[in-house]
Amino acid sequence: MSTVEAGPTGNGYVGQAIRRKEDPPLITGKGRYTDDIVLPGQLWAAIIRSPEAHARIVSIDKSAAEARDDVRIVLTGEDMTDLQAPLPMAWVPPGVEIKTPEHWPLARGKVCHVGDAVAVVVADDKYAAVDAAEDVIVEYDPLPAVVDVEEAMKDGSPLVHEQFGTNITHEWGLGSEDVEEALAAADVVVERRVVNHRTAGAAIEPRAVAADYRAGQLTLYTATQIPHLVRLQLAGCLGIAEEHFRVVAPDVGGGFGSKLNVYGEECLMAYLSRRLETPVRWTATRSEDMQAAVHGRDQVDYARMGMKRDGTIVALHAKLIADLGAYQQLLTPFIPSFGAFVMSGCYKIPSVRTDIVGVFTNKFPTDAIRGAGRPEATHLIEVMVDQAAAELGLDPVEVRRKNFIPKEDFPADVAPGVTYDSGDYHGSLDRLLGTLDYEGFRAEQARAREEGRYLGIGFSTYMEICGLAPSRAVGPSGVGIQAGFWESAVVRVHPSGGATVWTGTSPHGQGHDTGFAQIVADRIGSTPEQVEVIHGDTDRGPFGMGTYGSRSLAVGGESVARAALKVADKAKKIAAHLLEAAPDDIELRDGRYQVKGSPDKGLTLADISLAAYVPENIPDGMEPGLDETNFYDPENFVFPFGAHAAIVEVDAETGKVDLKRYVCVDDCGPAINPMLIDGQVHGGIVHGVAQAMYEQVVYDDTGQLVTGTFVDYALPTAAEMPTFETDRTETPSPVNSMGVKGVGEAGTIAASPTIVNAVTDALRPLGVNHIDMPVTPLRVWQAIEAAQGRGSGPRASEQGVPEGGAQ
Amino acid sequence: MIPPEFEYTAPESVDEALQALTQGGEDAKLLAGGHSLIPLMKMRLAAPSLLVDMRKLSDLRGIERANGGFRIGALTTHAQVSQASELGVAAHAAGKIADQQVRNRGTIGGSLAHGDSASDMPAVLLAAEGSVVARGPNGEREIAATEFFQDFFETALADDEMITEVRLPAMDGWKFAYEKFTRRAEDWAMVGVCAMVRGDFEDVRVAFTNMGGTPIRASAVEEALRGQGRGAIEQAAQAAAEGTDPPGDLNATADYKRHLARVLTRRALEKAAAA
């Protein structure tokens, strides 16, 4: 493991719940989002999208739109054949071929999902553009569409891309080869079919792009999580050299993975601006964002968990059928595979294997949404643990305890082939139970049942893998993603002593401006107010990989810390020279570089930086300036974990679920800023509870998107949530100098099985032993009706009973 | 979310507004709080050529008691109605409409004119046996709730008429409840039940939100309970869904809505009786 001189060494800002520096402008309307940026001479684009789920494009009549005075250009896919490359897909797993159709910003010949872009109108203002778009007449020849992923796998299904002769994009597996033998040796094998439905990122700022091409230089403002990667990839699509291409991610109003992509609209606006030699912009409407920003999840999972009668888990096989939608976006086919790395969960399971099938359907592509594969895997494991406990007549908490990887086993190798860096799973569960009063709840539950009330408790003890990533493990010859996963940082102390920090991460709500300033202030002897953190602009710092996969602190923050220590090291040498002491005798204390044992002899950072920039008296051979860069490639992932519990009451008459308590203990290592952690945990839990109870992207049988607005896509609000009872343990990671792990996705990864297990616990006395998300009133009522032998319940496959044939 | 082009006028008086509406022809629309019309325009599901904004018609705001009833100006917001506790069930139900921002802008007249049976006020108006006052080029007329709601988004209001006032009887001696079943607090009702009980079940009124194209009176429940006592509620509520043909949607099948109607009718009546 790497070793760096451990911080903090300065004023102790790390660990404090400092208020977010970035908030005052954002909450007083002074933010600068892509849509706020006004460019001289800008034109507005409107995109004509397919109302058909699957159709050949017979003709596109642009003439009426082109005839309008305020329209500058109307283009179709056939008008843009001078693009150099289609939109990118970045996963090339060694030894596995992934069927990847050419995917262009505007469709060529046929459309494959509702919302597929077929033409673009550019006009003088946004009203004119949308009006003119209605004048573009597209004639479609509809083709049969396939929406259900398991139907799409069958012979005779409509083919999303005829040239492949199948809808199956690829098969990929990870883990133990002996899983069938291990299952055969088990006392009991618990089998379930678990549906993990499609969700949307639903960032409150929809996607937005403004392109400005002039004099051979392209500037692209875009609401993205990955400005550098957008530049790299679009440079290839457009045939523009990276050195003439700048990508800026200004304030970005949430992403949740839906802005971790390279989108057709980004390519299209850049192309149009270059072609028209004037700025061209587009901002998605909410409905466009619902139909044309990547969705997440959408798996049908078949699990078999082999158990001993005493509750020991001996084997787990997971078959994940992944609905990838109609095209491969940046990481579409990889996402379910990310889940395979955590398929052992917190448990010591001798044999674990995941087999994945990717499948095309006539829907928008899925890709990374908060957790990206790990929520699906964790949901499956944690639901299965509860199902197995119920089937064996054991307590779900005791089954978890019995199978936890013990603290002394870390670092722990697990069957999927990764090494968990650190963990104390008993520790977080014990702390959770201390808050929860589990025994008291069981007594209350029994009393309530006598009164005809149905209370339930659900647990989820999760671990996850984040801090993307060691490049050798994830890159081209490892997992096969065509990129490195290091991070960069610059710490630049100005002559007056203030500092600007550049990070290659690209925050969009997380709080890096504050947290990174705390890290740097402690290491260079400054204050968070005097440390300005900048990001999201390819022209202002070195290449960086962006923000996703809970990587920003463990990789980007570590890089920032290392650059800061390089600055401090040089500052110490200058201080030693000026104070006529040995460098080893200089210590950073209370914000001053002091001679050990002589606190009266010391210099501030401002004294030292002035000396560095007016270098009359610095050590011989030293370069002037106080400005350091770091590139950090981690040697392992980091593995946060925790224990979550929910208490629900189900109204057995109406099926409505009332979430009464949500208690959690998370461990993301030592806190840089506990307030930021709480913010991430709260948001993460809401995201997971939302999937479990509220949110679902629904396409009907013909491929029409039913949930096109926030009326139908039920994003919950504060009114639907209880006050969360959050708590933490701190188990340092040995991977980085700060011992930190990620926390942006943890709540989401943990929450959905917590809710489903709680609802199932409440419903068991009514005969309901399994229910899939989202646990809407309708679905819960139908499950009760079916279990009670009344009315029309859900079909058997929605009750977790495998229908056979899919193993 | 970009509406097509339209003309706009904000007249100073009801007469001028009606004149503008008539001159604007069938594509002219009145704009009150805008919380139904503007979203439809932004999604290009409605494309009026002229908006006649009622915001300057201050005579149409406010609540007064007269002749044994209440006269509520059409532009009175849901928030104002919700704060006028003397209105009884109307105030109670108005407080459950959407969220605070919507209640601060949305108006009782606008909501009724929109004719959406998933909105809360239509069932309340029907249960209370209220009426609306409409003015048009040929003068003023009062339309009873029973006549007003005709089908999905269809009312008795003519294209050139404006609701100026909503009339509710003073329901002295009545106890009430409005049970609204939603997934999220801000949602439209999957099913809503407005229940009113006078004295010891001397009279009973029950009306449904979102159980059909119009708000619906549950006559069978009312008859089964009238003159009976609380003990009869459970049995009577079983008749709640009789004769209804609710539309199924994403959140609720028709069967489920009928089931909810029975459960919520019982709960609303129990609450009203206990009030």
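Residues numbered from 1 in each chain as written. Chains lettered and ligands numbered in written order. Predicted model: local features only at pLDDT ≥ 70, side-chain atom pairs only at ≥ 80, totals over all residues.

What follows is about the nonpolar core. Residue and element names in this part refer to chain A. If you look at the biggest cluster of nonpolar residues, it comprises 345 residues, and the most contacted ones within it are A45, V121, V491, V520 and V759. Broken down by element, this core gets its largest block of residues, 13 residues, from helix α16 (residues 552-579). What V121 contacts, discounting residues up to four positions off in sequence, is A45, A46, A65, V71, V74, A129, A132, A133 and V136. (Core = buried A, V, L, I, M, F, W, Y, C linked by C-beta atoms within 7 Å. Buried ≥ 20, exposed ≤ 12 C-beta atoms within 10 Å, placed from the backbone. Helix = DSSP H or I, 4+ residues; strand = E, 2+ residues; numbered from the N terminus. Contact = placed C-beta atoms within 7 Å.)

Below, the discussion takes up the domain arrangement of chain A. Residues and elements named next belong to chain A. For chain A, the assigned domains are domain 1 (23-31 + 487-632), domain 2 (34-143 + 206-252 + 259-292) and domain 3 (369-468 + 640-794). Taking only C-alpha atoms into account, the centre of domain 1 sits 40 Å from that of domain 3. Facing the 15 residues of domain 1 at the interface are 18 residues of domain 3. Looking at the side of domain 1 that touches domain 3, the elements with two or more residues in it are α15 (512-524) and α16. When residues in the side of domain 1 that touches domain 3 are grouped by element, the largest group, 6 residues, is from α16. (Domains from an automatic or database assignment.)

The next subject is the environment of A:E181. For A:E181, the position within the fold is in helix α5 (residues 179-184). Among the residues examined, A:E181 registers 11 C-beta atoms within 10 Å and is labelled exposed.

So, on to helix α10 (residues 374-392) of chain A. Residues and elements named next belong to chain A. The first and last C-alpha atoms of α10 sit 27 Å apart over 19 residues, in line with the 27 Å expected at 1.5 Å per residue. The buried fraction of α10 amounts to 16 of the 19 residues, a majority that puts the element mostly inside the structure. Remark: G393 follows α10 within two positions and exhibits a positive phi of approximately 70°. (Expected span 1.5 Å × (residues − 1).)

In this section: unusual backbone geometry. Residue and element names in this part refer to chain A. With an omega of -5°, the peptide bond between F410 and P411 qualifies as cis. Note on placement: P411 falls in the loop between α11 (396-403) and β16 (412-413). For the peptide bond that leads from M773 to P774, omega is -15°, which places it in the cis range. Within the secondary structure, P774 sits in the loop between α19 (746-763) and α20 (777-787).

Glancing now at the sheet that holds strand β5 (residues 117-123) of chain A. Residues and elements named next belong to chain A. Pairing within the open sheet is mixed, and its 7 strands lie in the order β3-β5-β1-β12-β9-β10-β11. With one partner strand each, in any of the chains shown, β3 (71-76) and β11 (245-248) form the two edges of the open sheet. For this sheet, the mean angle separating the axes of adjacent strands, direction not counted, is 20°. As paired elements, strand β9 (residues 208-214) and strand β10 (residues 217-222) share 6 bridges and run antiparallel to each other. Paired with D212 across the strands is T219, a residue of β10. The sheet strands contacting helix α3 (residues 126-133) are β1 (43-49), β3 and β5, and the helix crosses β1 at an angle near 25°. Where helix α6 (residues 227-238) meets the sheet, it contacts β10 and β11, and its direction lies at approximately 145° from that of β11. (Pairing = 2+ DSSP bridges. Axes fitted to C-alpha atoms, helices over the stretch in contact; angles between N-to-C directions.)

Contacts between chain B and chain A engage 17 residues on the former and 23 residues on the latter. Here the side of chain B that touches chain A gets 4 residues from one element, more than from any other, and that element is helix α11 (residues 254-274) of chain B. Looking at the side of chain B that touches chain A, its residues break down into 10 nonpolar, 2 polar and 5 charged. (Nonpolar A, V, L, I, M, F, W, Y, C, P; charged D, E, K, R; others polar.)

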